[in-house]
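Listed here are the chains, written in short residue letters.
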Amino acid sequence: MSVALYGQDEKHSTYFDLNYFGGNIAVHNNDILHLITGHPEGFIFSINKKTYGNKAWEQRFNYPDYGASFIYQDFKNDKLGDAYGLYAHYNFYFLKRNLMLRIGQGLVYNTNPYDKIENPKNVAFGSDILSSTYLMINYKKEQMFNRFGLQTGFSLIHYSNANVKAPNTSVNTIAFNVGVIYNLDEENREFIDNLNDEKFTENIKFNFAFRSGINQSDVIGSKQFPFYVFSGYADKRLSHFSAIQFGADVFFSKFLKELIYYQSVSYPELEVSGDEDYRRVGLFVGHELFVNKLSVETQFGYYVYYPYDFEGQTYLRIGLKRYFGKKIFGAVTLKSHAAKAEAVEFGVGVRL
């Protein structure tokens, strides 16, 4: 169900929604088959602010909403426990604002993570704090019955700790949701439509970033190690919305150093000598989508220096950047090899 409160100030209106969902855990890895014993269900409660075009970016993105969400999920399996999550999200609208796409990112507390004595079967979650992303695609109608409205559609919720602590096979929930909307205002405000959007480009800019965090290998019981990533890249702003990138990463992943040694002494059939370099160098191309002071960054990379084979020679990076002025930015990104996460990266950088 969804309930929406809707209060008005000079620039925004606030509303709340509450959605019930029920569905299935997707089988993306056969190692979690024993954990799928029922149909998970839960609810999504959200606080949102509407935009009406007071700023240019609001008009360019068709007056999105932004806000915060709380999600509770019962996985219907005692080994997986329950999940309680807090998220930040955006709602984007299409088809005369009848179709809503919500994108949320946050942190989740899991009530029953892996424990080698108490809960050895939970190979999905190696820690009680998880990273989570959720998508919601809903058909939405406000004020259908006086101040009440309805929404319904599908949601995808992803839970993972990004290899901060093994094991980490992760869980993806695909669910149907239904909700109710309640508006405090009897009428919606009018959208501002006065944008004179001229073509916008910039000269090539040079970026330097440093990223770090902690992670570990998939070997349960191995140690957590810090990692360091140094990046340099050029970007070309093509419009108000997007820029393209080309650059290089240098990775210092200390967990690989331990993994190389472990495999050299424990698995001679893998033909790992133990002298392989744990460092890697990659080249990447990327795209940046700008939304107000935030941007969504996606990059596809290829290791040109790859002395030790770990999860393949290509990698992906996706995440959020926040600009502080025109030159300084912070970022939280997920680095992965296809669907296999390697690390959550916390970064800072400068754009010159």
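Report on the accompanying structure. (Residues numbered from 1 in each chain as written. Predicted model: local features only at pLDDT ≥ 70, side-chain atom pairs only at ≥ 80, totals over all residues. Heavy atoms only, no water.)

In this section: the overall build of the protein chain. Counting its secondary structure elements, the protein chain contains 2 helices and 17 strands. For 352 residues, the compact-globule formula gives about 20 Å, and the C-alpha radius of gyration of the protein chain, at 22 Å, lands near that figure. C-alpha atoms of the protein chain, sized along the principal axes, occupy 70 × 55 × 25 Å. Looking at the protein chain as a whole, 45% of its 352 residues qualify as buried. In the protein chain, of all internal contacts separated by at least 6 residues, the share reaching a separation of at least 24 is 61%. Surface summary for the protein chain: the accessible area is close to 17,500 Å², and the carbon and sulfur share equals 61%. Charge separation in the protein chain, taken as the distance between the mean sites of 36 positive and 37 negative side-chain charges, equals 6 Å. (Helix = DSSP H or I, 4+ residues; strand = E, 2+ residues; numbered from the N terminus. Rg over C-alpha atoms; globule rule 2.2 N^0.38 Å. Buried < 20%, exposed > 50% of the residue type's maximum accessible area, 1.4 Å probe, protein only. Contact = heavy atoms within 4.5 Å. Areas by Shrake-Rupley, 256 points an atom, 1.4 Å probe, with all protein chains shown as cover. Lys, Arg positive; Asp, Glu negative; His and termini not counted. Charge placed at Lys NZ, Arg CZ, Asp CG, Glu CD.)

Another point: the environment of Ile 157. Mapped onto the elements of the fold, Ile 157 is located in strand β8 (residues 148–160). Considering only alpha carbons, one finds Ile 157 and Leu 334, 177 residues apart in sequence, at a separation of 16 Å. Contact partners of Ile 157, with chain neighbours within four places excluded, come to Phe 21, Ile 71, Gln 73, Tyr 87, Ser 132, Thr 133, Tyr 134, Val 171, Asn 172 and Thr 173.

The biggest cluster of nonpolar side chains holds 24 residues, and the ones touching the most others in it are Ile 71, Phe 75, Leu 80, Phe 125, Tyr 159 and Val 171. Looking at this core, the elements that each hand over two or more residues are β2 (13–25), β5 (82–94), β6 (99–110), β7 (129–145), β8 and β9 (171–182). Excluding residues within four positions of it along the chain, Ile 71 makes contact with Phe 21, Phe 43, Ile 44, Ala 83, Tyr 84, Gly 85, Tyr 87, Tyr 134, Ile 157 and Tyr 159. Listed in part, the 14 residues of the second largest apolar core include Phe 290, Tyr 303, Tyr 315 and Phe 329. (Core = buried A, V, L, I, M, F, W, Y, C linked by side-chain atoms within 4.5 Å.)

Turning to the pattern of salt bridges, a few remarks are in order. Once their charged atoms are close, side chains differing in charge can pair, the charge on each being opposite to the other. Per the stated rule, a full pass over the model turns up 17 salt bridges. Ionic pairing is found between Glu 142 and Lys 50, a salt bridge with its closest N-O pair at 2.9 Å. You can see Glu 142 sitting in strand β7 and its partner Lys 50 sitting in strand β3 (residues 41–50), a full 92 residues away along the chain. In this structure, Asp 218 and Lys 340 form a salt bridge, with 2.9 Å as the shortest nitrogen-oxygen distance. Separated by 122 residues along the polypeptide, Asp 218 in the loop between β10 (205–215) and β11 (225–237) and Lys 340 in strand β17 (residues 340–351) bring together distant segments of the chain. Connected via shared salt-bridge partners are Arg 211, Asp 249, Glu 288, Glu 297, Arg 317, Lys 321 and Glu 345. (Salt bridge = Lys/Arg side-chain N within 4 Å of Asp/Glu carboxyl O.)

A surface patch of nonpolar side chains, amounting to about 730 Å² of accessible area, comprises Phe 246, Leu 283, Val 285, Phe 300, Tyr 302, Val 304, Tyr 305 and Leu 316. Looking at the nonpolar patch, the elements with two or more residues in it are β13 (279–291) and β14 (294–305). Counting residues per element, the nonpolar patch draws most heavily on β14, at 4 residues. Examined against the element boundaries, Phe 300 turns out to sit in strand β14. Looking at Phe 300, the relative accessible area reads 42%, which means it is partly exposed. (Patch = residues over 30% accessible without salt bridge, like charges linked within 9 Å, V, L, I, M, F, W, Y side chains within 5 Å.)

Read these as layout, nothing more, since geometry by itself doesn't imply function.
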